[in-house]
Amino acid sequence: AETYSFWVDFSYKLGPVTPHLIYGQMKTKNKFDTLDLEAKSQMLGVSIPIDLAKGFRVRPELMWYDDGDIDVDGHGSADLGKYAIYGVQFQITF
């Protein structure tokens, strides 16, 4: 298999808040017997750490994933779906 992946994280500190914009991608090609397989997935995310007190931070996050299609040479393709994950982290540092 040949696989590559990457992600980038852009952020900027605005006082007690540091918004992050995150993008990532993965692509793979694989040969199995006589079949050629190819798949690509992507993600986009927003993470916003907020310093509330010394050693205490809240971080709301939203991540969107697109698992893309898997293409099987000569047998068509299948959509692997899209979904989102969201939540809040509570971080205590001491």
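Residues numbered from 1 in each chain as written. Predicted model: local features only at pLDDT ≥ 70, side-chain atom pairs only at ≥ 80, totals over all residues. Heavy atoms only, no water.

Colleague: Tell me about a nonpolar patch on the surface, and name the residues and values.
Modeller: Taken together, the side chains of Tyr4, Phe6, Val8, Phe10, Leu21, Leu44, Leu62, Trp64 and Tyr86 make up a nonpolar region of the molecular surface, amounting to roughly 910 Å² of accessible area. Of all the secondary-structure elements, those providing two or more residues to the nonpolar patch are β1 (2-11) and β5 (56-66). Of the residues forming the nonpolar patch, the biggest block, four residues, is contributed by β1. Its location among the elements puts Leu21 in strand β2 (residues 20-32). Classification of Leu21 by relative accessible area gives partly exposed; the value is 45%. (Patch = residues over 30% accessible without salt bridge, like charges linked within 9 Å, V, L, I, M, F, W, Y side chains within 5 Å. Areas by Shrake-Rupley, 256 points an atom, 1.4 Å probe, with all protein chains shown as cover. Salt bridge = Lys/Arg side-chain N within 4 Å of Asp/Glu carboxyl O. Helix = DSSP H or I, 4+ residues; strand = E, 2+ residues; numbered from the N terminus. Buried < 20%, exposed > 50% of the residue type's maximum accessible area, 1.4 Å probe, protein only.)

Colleague: So what's going on with the environment of Met43? Residues and values would help.
Modeller: Here Met43 lies in strand β3 (residues 35-47). On the basis of relative accessibility, which here comes to 15%, the residue Met43 falls in the buried class. In this structure the C-alpha to C-alpha distance between Met43 and Met26, which are 17 residues apart in sequence, comes to 9.1 Å. Leaving out residues up to four positions away in the same chain, Met43 has contacts with Ile22, Tyr23, Gly24, Met63, Trp64 and Tyr65. (Contact = heavy atoms within 4.5 Å.)

Colleague: Talk me through the pairing of β1; I want residue IDs and the actual numbers.
Modeller: Little of β1 sits out of view: just zero of its ten residues are buried. One ladder, built from ten bridges, connects β1 with β2; its direction is antiparallel. Across the sheet, residue Tyr4 finds its bridge partner in β2, namely Lys27. (Pairing = 2+ DSSP bridges.)

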